[in-house]
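Structural description and commentary
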Amino acid sequence: QLMREISGVKVLEHQVKEKLQLDKVIVVPGNSDKERRVKQELGKACVSYLKDVIKDHMTIAVTGGSTMSLVAESMTPLNKKDCLFVPSRGGLGEQVENQANTICAQMAKRAQGEYRLLYVPDPISEKAYQSIIEEPAVKEISNEIQNADIVLHGIGDAITMANRRKTPKSQLEKIKEADGAGEAFGYYFDKSGNIVHKVRTVGLQMEDLQKINQVIAVAGGTSKADAIESYFKQGQSNVLITDEAAAEKLLKG
Ligand code: G3H
């Protein structure tokens, strides 16, 4: 039974890798919508992949979300010199355990690495954004974030994320009308991968990802298949860690 499960996920990994044109796909058995254990397996798979690619003196940027918080939970010492963890963005209108800052600190502690946090509100008005990015302390951490060597990020269902982040009604309507499917880094995408809404944030922007070698998306569950597909239409990530249920739905879609 176990052997059959393993060979099954290997086939899925290959097919998803081909479909999304990625460097690496890891599929764990099960459906994280149904079992928390499966989401924990996503976390473990991410940690073990990170250990394969991390080197001394690297900076790792991490996003928020429940999946990333389970990556943090699975983290163990990286045994590398001077690894720095930074959050991809500032403080969101979300539960503290789902915030990038919290996850970043927790991950760094478990990895026995260093961390720096980004203490700015997120989202932020255009006016405040323009002045806050000029603050030396903010500039410094923004630089670290934009020059990260590795990014670990979640992908969310657009409407779920917009609701969870208490998005103003007018923006929520805009996302709904545009058939928003996926969300990552504060960008909302429709099924064709067009950006239908973007939250103004200090921190990692889509264009920053182009020069980062390892951009690792971690997202699973049937409910996220469309979100994953929409993100990868133009997403800059080269690695996907997902589960069997999301992979199967993704391949059917
Ligand atoms: O940024 C949040 C992610 O896009 C998704 O969050 O892991 O809780 O589903 P999640």
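Given the structure is predicted, the values throughout are model-derived calculations rather than measurements. (Residues numbered from 1 in each chain as written. Predicted model: local features only at pLDDT ≥ 70, side-chain atom pairs only at ≥ 80, totals over all residues. Heavy atoms only, no water.)

1. Let's talk about the sheet that holds strand β5 (residues 150-154)
Formally: By this definition, two strands are paired if DSSP reports at least two bridges between them. Helix and strand assignments follow DSSP, with helices taken as H or I runs no shorter than four residues and strands as E runs no shorter than two, numbered in order from the N terminus. Should any heavy atoms of two residues lie within 4.5 Å, those residues are considered in contact. The angle between two axes is taken between their N-to-C directions and runs from 0 to 180 degrees, where each axis is a line fitted to C-alpha atoms and a helix contributes only its stretch in contact.
A sheet is described by the order of its strands in space; here seven strands give the open sequence β1-β11-β10-β5-β2-β3-β4, paired in parallel fashion. Pairing within the sheet leaves two strands with one partner each, and these edge strands are β1 (24-28) and β4 (114-115). Where strand β2 (residues 59-62) lies against β5, three bridges are found, and the strand directions are parallel. Within the sheet, the bridge partner assigned to I60 lies in β5 and is I150. Against the sheet, helix α1 (residues 2-20) contacts β1 and β11 (239-243), and its axis sits at roughly 140° relative to β1. The sheet contacts of helix α9 (residues 225-232) involve β5, β10 (214-218) and β11, and relative to β11 the element is tilted by about 170°.

2. As for the site of the ligand
Selection criterion: We call a residue near a molecule or strand as soon as one heavy atom of that residue lies within 4 Å of the molecule or strand. For the purposes of these results, a polar contact is taken to be a pair of N or O atoms within 3.5 Å, where, inside protein, one atom must be able to donate a hydrogen and its partner to accept one; residues adjacent in sequence count only when each atom of the pair is a side-chain atom. Under the convention used here, a 1.4 Å probe and the Shrake-Rupley method define accessible areas, while residue burial counts only the protein chains that appear. Side-chain classes follow a simple rule in which Ala, Val, Leu, Ile, Met, Phe, Trp, Tyr, Cys and Pro form the nonpolar group, Asp, Glu, Lys and Arg form the charged group, and the remainder, Gly included, forms the polar group.
If you check the shell around the ligand, you find G64, G65, S66, T67, G154, I155, G156, M161, R164, R165, E183 and K224 and nothing else. The contact in question runs from an oxygen atom of the ligand to an N or O atom on the side chain of S66, over 2.5 Å. Measuring from an oxygen atom of the ligand, one finds a side-chain N or O atom of R164 at 2.9 Å. Isolated, the ligand exposes 300 Å² of accessible area, and the fraction of that covered by the protein chains is 94%. For the shell around the ligand, the elements supplying multiple residues, two or more each, are α3 (66-74) and α7 (158-164). Grouping the constituent residues of the shell around the ligand by class yields two nonpolar, six polar and four charged.

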